[in-house]
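Fold and contact review
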Amino acid sequence: MWQKIARLILTNRIPILVVLLAITVVMGFFATKVEMLYEFSKLLPDNDPVSITYNKFKDDFGQDGLAVVIATTNKDFYEAENFKKWYELGNELKKIQVPLKGTNPQQYGSPVDSVFSEAHLYNIVKNKKRKKFEIKPVFPSFPEDKATIDSLQNVIVNLPFYENIVYKKDDDLHLMMLFLNREIFNSKNRGSLIQEIQAKTEEYADDIGPFVYSGLPYIRDVTMKKVQQELYMFTLLALLITSTLLYLFFKSFKVVLISMVVVMIGVIWSVGTIGLIGFKITALMGLIPPLIIVIGIPNCVYLITKYQQEFKNHGNKAKALTRVIRKVGTATLMTNATTAMGFGTFIFTHSKMMQDFGVIASLNILLLFIVSILVVPIIYSFLKPPKVKHTKHLERQWLFNVVEKLVVWSDGYRTWVYIFTAIAFFAGIYGMTLMKTSGNIVDDLPKKDIVVQDLKFFESKLGGIMPFEIILESTDTIYNSYENIRKIEEIQNTLALEDKLSKSISIVDAIKFVTQAYSNGNPEKFVLKDKRGLSKILSSKYFKNTFNLDAVDTTNQMLNGFLDRSKKQTRITVQIADVGIDTMDAVVGRVSDRISKIVNEEKILVEQIIASSKPAEKEEILSTLFTKYSWIENEVKDHYIAIDSSMLEQFFDDETLVLKMHEKEDFNSVLKETLSSHSQLTYNVTGSAVNYTKGTTYLVNNLFISLALAISVIAVLMSVLFRSWKMVIVSLIPNLLPLIITSAIMGIVGIPIKPSTILVFSIAFGISVDDTIHFLAKYRQELTLKNWNIKESVVLAIKETGVSMIYTSIILFFGFGVFTASNFGGTQALGVLVSITLFVAMLANLVLLPSLLLTLEKRITTKAFKDPLLEVVDEEEDIDLEQLEVKKSNPKKEVL
């Protein structure tokens, strides 16, 4: 098959180059259409319960986490000039306009929907004349005199609703929240919005600054800007380092240029396929171009090295080019296939971000093989044969000395090889036990990065800033039951016990705000009244003339913002610190446990009553139940009065009689029916922060599964290639050992498991297996030539493949090393860990694998291994050169 492919390539050089050029131009066009993804990537599948809850929350209440928060600490904040600047800043930010792309004539949109600060607050006041509440801005216009400012400041500090939300009195902390338009911010129309907000804000820094910034939109924007910058930086660094190494190895600019042509075509195609398929650039997708360069260069090294070796052996360029395609083609295809499979297993993670990455990476690695096998031989067919100086690198004594050392270690020091392997294995197992998982949103950013520093500032002052939501749902309109309102307040009180959470806000706070307004603005009346007091307010003309909560749509957002359209759901909004997976799980667990006890309190009490066998204990629990839930007591009384009307008078005469009803045979069933007929509260904990950490946990678990899948699939592929399961099992050992050592390094050094670092294992395994395939292919070839002399075949395989393996391993080591220049800790760890893993894998494949082959000998070198499924080309096989005529640019013909 490869003989026909070689003939096809070398006899159709010009048409092939024209097609490649045309495809590259088309891919280049689509590459210009690629956009950055500014939303958080979907880590959870749509059918995951956490994802379902979060998506439902967004449908019912809208997107969370769309606020940019600006803060300043200033003791003189309420000085007339300073406060005026704060007022003006909010108005200026609200006026920001961005061009809406694709509109003709050009239209503009406002990305800032609303501004929320001390200078932009609303108050609820009574209009006694019209018998209604009015929601008025505290500052309808900026007052010029100090007396008015002081008066309005007094209004603000007497509005507890806003305390610890837009200001914190004890720390002189003042916040401004910019609520962004979701459609504009998540689209290409956003442009440099965050930079414009910062630039405009910093104009006021001398007067009321310095400022700190945070919020998910800010974090996402700054992060993606860094990703965009690093995309270009990594690509240039990868080109620079790999080209430098190529020149040092080959001492030839032609080799460097040819290799650069191959990988640049691969880069253009890879970015083009992202645009063609419609994917967007994420932090992960931004690694594709430099990965293509780093993975593509070894293809060129193997092809060029083999070409130069062949030409040096017999001096026939056509024969050398043909043999390159025939003899290296199968091995290179298989190595690219295994690498592609390593990336391709991400497709099975059920995470869209990883699936997109897996599709693009695996597809383009295979396309890169096609480009390599076409471009390298075709270009060399046009060039003059290599001179002696071009093949001089094949005779570098230091390299031969290294390879000879490897032979000595494999043959003469096998016992020590196994001892060091065992030590590394057990040390690796110990190190693996120290590994930890992380899931912070800003975990990949350096601790000294301004984004992290500002975030920590907000967490120290407010507790947290990441969206954390609690959704409560009733079978009936949620505010029709006083018990529901009381339970919401009780839940908020329990949330205040968590130091990782900020102040919560709910419909209860809005009701308290209304209660304060009903009491003429008295801040001491910012409380939840008892059932009778609340009923009085809700049934008052002031409330009914202002709030129409029963309407499907209402123009007022004070209460409606906490309710869904059905009015059966409400939200408690709170923010959480950027905590890791373990802490988030602990917080969610504690919060859920407390909420469960609150919303199911009556049910829990009823279950305790039924379970108790002591009359006195039953009556004590019943007393608690009836005191908190008088409706249960009333319905129990109604039940027994309906059976015996005389019970009405008995209940009236003896208020404790109802407690004795537990003696009735049907009492337990009466309690159960009473509960079941009444609306019940259910709850869910959600929000961007919860969704992200749960998604990280899910992703890490799936990536371990994908690693196992990669190992299994590659093992099957190798078994098909070598037709010997014994050989496959032995060959996997030197490829799994580096992964164990890398895990140990992560555990000992303290590099956490997270999506960016777990990639190391699948990527490194897929690439390191390449060396194994090259070695075993050469080993099997030598077995045929050396009359099945295993020792001689192993030694020759090391010498033949060792040079290329060392070359490619050095290139891969330094190639992945470029990622250490990243601003993201995860990307830095990815570069270091993959480099180390591949270096260890090279040693394992050139020392441990040959040692195993020599030790086990005929026990694993079976007849199936000797009779390959894919044809092995004999070194001395004659080639029909007359059929390889290719046309030159002049009329003459040359037989290559």
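Keep in mind the model is a prediction, meaning the values are calculated, not measured.

So, empty space enclosed by the protein
Summary: where empty space remains is shown by rolling a probe the size of a single water molecule over the atoms. Applying the stated rule across the entire model yields five cavities of 30 Å³ or more. Estimates place the volume of the largest cavity at around 720 Å³. Lining the largest cavity are 38 residues; nearest its centre among them are T223, A283, M353, D444 and Y692. If you list the elements that add at least two residues to the lining of the largest cavity, you get α9 (216–250), α13 (352–382), α30 (755–785) and α32 (825–856). When the residues that make up the lining of the largest cavity are grouped by side-chain class, the tally is 22 nonpolar, 10 polar and six charged.

Notes on the pattern of salt bridges
In the structure shown here, the tally under the stated rule is 28 salt bridges. Across the salt bridge formed by D411 and R414, the nearest N and O atoms sit 3.6 Å from each other. In this structure D411 comes out as partly exposed when scored by relative accessible area, which is 26%. Residue R414 is classed as partly exposed on the basis of its relative accessible area of 22%. Notably, a salt bridge pairs E602 with K487, separated by 2.6 Å at the nearest N-O pair. Taken together, the residues span a long stretch of sequence, with E602 in helix α23 (residues 601–611) and K487 in helix α17 (residues 482–495) at a distance of 115 residues.

With respect to the packing of helix α2 (residues 13–31) against α13
Contact geometry of α2 with α13 gives a least axis separation of 11 Å together with a crossing angle of 130°. Comparing the axis directions of α2 and α13 gives the class oblique. Here α2 and α13 pass one another in a crossing that is left-handed. Touching R13, I14, I16, L17 and L20 of α2 are L374, V375, I378, S381 and F382, all from α13. Here the residues of the contact of α2 with α13 sort into eight nonpolar, one polar and one charged.

Quick notes on the environment of Q308
Mapped onto the fold, Q308 is located in helix α11 (residues 288–314). What makes Q308 buried here is its relative accessible area of 2%. Along the backbone, Q308 and P217 are 91 residues apart, and their C-alpha atoms lie at a distance of 54 Å.

Considerations on the environment of F311
Considering the arrangement of structural elements, one finds F311 in helix α11. Assessed through its relative accessible area of 14%, F311 is described here as buried. Through-space distance from the C-alpha of F311 to that of E39 is 54 Å; in sequence the pair is 272 residues apart. Excluding residues within four positions of it along the chain, F311 makes contact with N316, K317, A320, P385 and P386.

Overview of the packing of helix α12 (residues 317–344) against α30
Relative orientation of the contacting elements α12 and α30 amounts to 155°, with a least axis distance of 8 Å. Put simply, α12 runs roughly antiparallel to α30. The handedness of the crossing between α12 and α30 comes out as right-handed. Counting all contacts with α12, which are made through K327, A331, T332, M334, T335, T338, T339, G342 and F343, the residues of α30 involved are S762, I763, G766, I767, V769, D770, I773, H774 and Q781.

Focus: the nonpolar core
Across soluble globular proteins, nonpolar side chains have a tendency to be buried as a group. With 246 residues, the main nonpolar core has L178, F468, F775, Y779 and F816 as its most contacted residues. The element contributing the most residues to this core is α13, with 15 residues. Beyond its immediate chain neighbours, meaning those up to four positions away, F468 contacts L501, I572, T573, V574, Q575, I576, M584, V587, V588, V685, T686 and V690. V636, Y640, V670 and L675 belong to the second-largest nonpolar core, a separate cluster that totals 22 residues.

Observations regarding helix α5 (residues 146–157)
Across its 12 residues, α5 extends 16 Å between first and last C-alpha, which sits within 8% of the 16 Å expected from 1.5 Å per residue. All of the buried residues in α5 are I149, L152 and I156. Each buried residue of α5 sits inside an arc of 70° when the element is viewed along its axis, so together they form one side. Contact partners of the buried residues in α5: α4 (80–94) and β7 (167–168).

Focus on the side chain of T696
Following the sequence through the fold, T696 ends up in helix α28 (residues 688–722). Not counting the four nearest positions on each side in its chain, T696 is found in contact with L43, S438, G439, I581 and P755.

Overview of a nonpolar patch on the surface
A contiguous nonpolar patch, built from V408, W409, Y413, W416, I419, F420 and I423 and spanning about 750 Å² of accessible area, is present on the exposed surface. At the level of elements, α14 (397–412) and α15 (414–432) are the ones that each hand at least two residues to the nonpolar patch. The element best represented in the nonpolar patch is α15, accounting for four residues. Of note, F420 is situated in helix α15.

Observations regarding the sheet that holds strand β11 (residues 569–576)
If you trace the three strands from one edge of the open sheet to the other, you get β11-β10-β12, paired in antiparallel fashion. Of all the strands in the sheet, just β11 and β12 (681–686) have a single pairing partner and so form its edges. Averaged over all pairs of adjacent strands, the angle between strand axes in this sheet comes to 20°, irrespective of strand direction. Across the sheet, helix α22 (residues 581–599) touches β10 (466–474), β11 and β12, and the angle it forms with β12 is around 170°.

Let's talk about the pairing of β10
Of all nine residues in β10, eight are buried; the element is thus mostly enclosed. Looking at chain direction, β10 and β11 are connected through eight bridges and run antiparallel. In the sheet register, I470 faces β11, and the bridge partner there is I572. With six bridges joining them, β10 and β12 adopt antiparallel strand pairing.

Notes on unusual backbone geometry
Between G209 and P210 the backbone carries a cis peptide bond, its omega angle lying at 0°. The topology assignment puts P210 in the loop between α8 (205–208) and β9 (212–214). Backbone geometry at K131 places phi at a positive 55°, although glycine is not the residue there. Turning to its location among the elements, K131 is positioned in the loop between β5 (122–127) and β6 (132–137).

Topic: the confidence of the model for the protein chain
In this model, the protein chain carries an average pLDDT of 85, and 92% of its residues clear a pLDDT of 70 or more. Here residues 869–896 is a poorly scored stretch, pLDDT under 50, and it has 58 contacts once near neighbours within four places are set aside; other chains count.

Examining the environment of L10
By the secondary structure assignment, L10 is in helix α1 (residues 2–11). The exposure class of L10 is buried, given its relative accessible area of 2%.

Observations regarding the packing of aromatic side chains
Enumeration over the complete set of coordinates arrives at 32 aromatic pairs. For the pair F77 and F83, a centre-to-centre distance of 5.6 Å together with 90° between the ring planes defines the contact as edge-to-face. Residue F77 is classed as buried on the basis of its relative accessible area of 1%. Taking the relative accessible area as the measure of exposure, F83 reaches 0% and is therefore buried. Site record: aromatic cluster; members linked through ring pairs are F77, Y78, F83, W86, Y87, F139, F142 and F211. The lysine or arginine in question, R13, covers the ring of F382, its NZ or CZ lying 4.1 Å from the ring centre. Directly above the aromatic system of Y542 lies the positively charged group of K126, at a separation of 4.6 Å from the ring centroid.

Digging into a negative patch on the surface
On the surface, E81, E144, D145, D206 and D207 cluster together into a patch of negative charge. Relative to the elements of secondary structure, E81 occurs in helix α4. With relative accessibility at 53%, the residue E81 sits in the exposed group.

Re the side chain of K512
Within the element layout of this structure, K512 appears in helix α18 (residues 507–518). The buried category is assigned to K512, whose relative accessible area is 14%. Sequence-distant contacts of K512, that is, excluding residues within four places in its chain, are made with E489, K525, F526, V527 and L528.

About the cut-offs
Residues numbered from 1 in each chain as written. Predicted model: local features only at pLDDT ≥ 70, side-chain atom pairs only at ≥ 80, totals over all residues. Heavy atoms only, no water. 1 Å grid on protein atoms, 1.4 Å probe; cavity = no way out; pocket = protein on both sides within 12 Å on 5 of 7 lines; lining within 4 Å. Points joined across faces, edges and corners; volume = space filled by probe spheres on them. Helix = DSSP H or I, 4+ residues; strand = E, 2+ residues; numbered from the N terminus. Nonpolar A, V, L, I, M, F, W, Y, C, P; charged D, E, K, R; others polar. Salt bridge = Lys/Arg side-chain N within 4 Å of Asp/Glu carboxyl O. Buried < 20%, exposed > 50% of the residue type's maximum accessible area, 1.4 Å probe, protein only. Axes fitted to C-alpha atoms, helices over the stretch in contact; angles between N-to-C directions. Parallel < 35°, antiparallel > 145°, perpendicular 65-115°, else oblique. Left-handed = near helix turned anticlockwise from the far one by under 90°. Contact = heavy atoms within 4.5 Å. Core = buried A, V, L, I, M, F, W, Y, C linked by side-chain atoms within 4.5 Å. Expected span 1.5 Å × (residues − 1). Arc of directions from axis to C-beta. Patch = residues over 30% accessible without salt bridge, like charges linked within 9 Å, V, L, I, M, F, W, Y side chains within 5 Å. Areas by Shrake-Rupley, 256 points an atom, 1.4 Å probe, with all protein chains shown as cover. Pairing = 2+ DSSP bridges. pLDDT = per-residue confidence, 0-100. Phe/Tyr/Trp six-rings, centres within 6.5 Å; stacked < 30°, edge-to-face > 60°. Lys NZ or Arg CZ within 6 Å of the ring centre and 35° of its normal. Lys, Arg positive; Asp, Glu negative; His and termini not counted. Charge placed at Lys NZ, Arg CZ, Asp CG, Glu CD.

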